[in-house]
Every structure is written in C-alpha cells, then in structure tokens.
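Letter by letter, the chains look like this.
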Amino acid sequence: MTTPQILDPACGSKMFYFDKETPLVHFCDIRDEEHPLCDGRLLKVHPDQVADFRDLPHEDESFHLIIFDPPHLERAGPKSWQAAKYGKLNKETWREDLAQGFSECWRVLAGGGTMIFKWNETQIKVNEILACFSQRPICGHRTTQNLKTHWIVFYKPVVGGCDG
C-alpha cells in the first residue's frame, strides 16, 4: 500500500479528481454522508478520515502536497443542494475558521512542499480570504470572470539542514 504524500483536508465528494480512490491522496472531510441531488444522482462524501481542517490529526510536515478547497459559501439555506454539495462556512466565524484551516495545512505541509488553494469568490472575494492567511501565494490562476474560481499556489521553503 502506498503511503499518501498528498492531503486533501476538505475533500467533499472529490469532484475534481480523475481517480477518486487514488492511494496517493489522504482524503479528509468533516462530513461522511450522502445526499440525493436534484437530477437523481447521489452525492457521496466519504473521506478516508473524518477530520476538521481547523484541527488536523496529522504530524507536523507529513505531506508534500496539500490541496485545500474549503467551503466557499456563507449564505446557503438549510436545504440548499449547494450547501450539501460544497459545505457551508459559519457566517460569524469564517475568517477565523479559514485562518485556522490554513495554519493547520501549513503545519502539516513539509518543507519544500506545495499547497494548492482553490477559492470561488461568488460570495466572498479572494482578497478577503488571502488577508486571513499567514503566508503569501507565489502564483495563481483565475478562471473567466463569470466563474470567479481561483487556483492559488503556496510554497513552503525548506528550513535548516544543508540548504537552509
């Protein structure tokens, strides 16, 4: 069995993965549930480990790549299919929650590792999110104006050792 070197701490239904069962990725989510969607399909959120991205149960510097795609919505009804599909932020604490989630991801990211952060700014602008983080990104990509989805890359330098 391959030891996962990649962490997805908020995997949801693993929508953007080509291989949703890849042994290279350790999938975590705060939820483990299923929901019928409006088109009759079943949305399945079944992580390898139920965990809160604000308090990850992993050793320091244990992953080389982290894909952090937290919930983007703060306004969604209790029966919203979008909330079921993507999760929902707490309207009162989302800044602290995302800051803590980023800090936890950074803690478990190995030196020389990369974090890919995905954000859709339909309700909260990406600049508001980046202001919550302790590190600055090195590069990123924004899709078309209509989709408002950002892919942002953070790199954690190696500290100490022969090269540090």
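Everything numeric here is computed off the predicted structure, so don't read it as measured data.

Reading guide: rules and limits
- Residues numbered from 1 in each chain as written.
- Predicted model: local features only at pLDDT ≥ 70, side-chain atom pairs only at ≥ 80, totals over all residues.
- Heavy atoms only, no water.
- Helix = DSSP H or I, 4+ residues; strand = E, 2+ residues; numbered from the N terminus.
- Expected span 1.5 Å × (residues − 1).
- Buried < 20%, exposed > 50% of the residue type's maximum accessible area, 1.4 Å probe, protein only.
- Contact = heavy atoms within 4.5 Å.
- Salt bridge = Lys/Arg side-chain N within 4 Å of Asp/Glu carboxyl O.
- Phe/Tyr/Trp six-rings, centres within 6.5 Å; stacked < 30°, edge-to-face > 60°.
- Pairing = 2+ DSSP bridges.
- Disulfide = S-S within 2.5 Å.
- Patch = residues over 30% accessible without salt bridge, like charges linked within 9 Å, V, L, I, M, F, W, Y side chains within 5 Å.
- Areas by Shrake-Rupley, 256 points an atom, 1.4 Å probe, with all protein chains shown as cover.
- Axes fitted to C-alpha atoms, helices over the stretch in contact; angles between N-to-C directions.

(A) Here's a closer look at helix α2 (residues 94–108). Spanning 15 residues, α2 covers 21 Å between terminal C-alpha atoms, matching the ideal 21 Å at 1.5 Å per step. Residues of α2 that are buried: W94, D97, L98, A99, G101, F102, E104, C105, W106 and V108. Of the surrounding elements, those touching the buried residues of α2 are β1 (6–8), β6 (63–68), β7 (109–120), α3 (126–130) and β9 (149–156).

(B) Inspection of the pattern of salt bridges at higher detail. Per the stated rule, a full pass over the model turns up 11 salt bridges. In this structure, D39 engages R41 in a salt bridge whose closest nitrogen and oxygen atoms are separated by 2.7 Å. Residue D39 is classed as partly exposed on the basis of its relative accessible area, which comes to 47%. Taken together, the shared-partner salt bridges in this structure form one network comprising D29, R31 and E33.

(C) Up close: the packing of aromatic side chains. What the rule picks out here adds up to 11 aromatic pairs. Between F16 and Y17, the aromatic rings sit 5.2 Å apart at their centres with planes inclined by 20 degrees, giving stacked as the arrangement. The interplanar angle of 55 degrees and the centroid separation of 5.7 Å between the aromatic rings of F68 and F117 together place this pair among those described as tilted. Residue F68 is located in strand β6, and its partner F117 is located in strand β7; the two are separated by 49 residues in the primary sequence. The burial state of F68 is the same as that of F117; both residues are buried.

(D) The arrangement of the pairing of β9 in detail. Sheet analysis places β7 next to β9, joined by eight bridges and oriented antiparallel. Its bridge partner lying in β9, K118 is registered against W151. Both strand β8 (residues 139–142) and β9 contribute to a ladder of four bridges, which runs antiparallel. Counted as the bridge partner of R142 is H150 from β9.

(E) Looking closely at the state of the cysteines. Applying the stated criterion across every chain yields a total of zero disulfides. Considering cysteine sulfurs only, C11 is the nearest to C28, which forms no disulfide, with 7.2 Å between them. Given the relative accessible area of 0%, C28 is considered buried. The thiol sulfur of C132 is not disulfide-bonded, and the nearest other cysteine sulfur, from C105, lies at 14 Å. The buried category is assigned to C132, whose relative accessible area is 19%.

(F) Broad picture of a nonpolar patch on the surface. A contiguous nonpolar patch, built from M15, W81 and Y86 and spanning about 300 Å² of accessible area, is present on the exposed surface. Residue placement: W81 occurs in helix α1 (residues 81–86).

(G) Inspection of the sheet that holds β7 at higher detail. Taken in spatial order, the seven strands of this open sheet run β5-β2-β1-β6-β7-β9-β8, and their pairing is mixed. Each end of this open sheet is capped by a strand with a single partner; those strands are β5 (49–50) and β8. Taken strand by strand, α2 contacts β1, β6, β7 and β9, and its axis lies near 150 degrees from that of β7.

The values reported here are purely geometric and, on their own, carry no functional implication.
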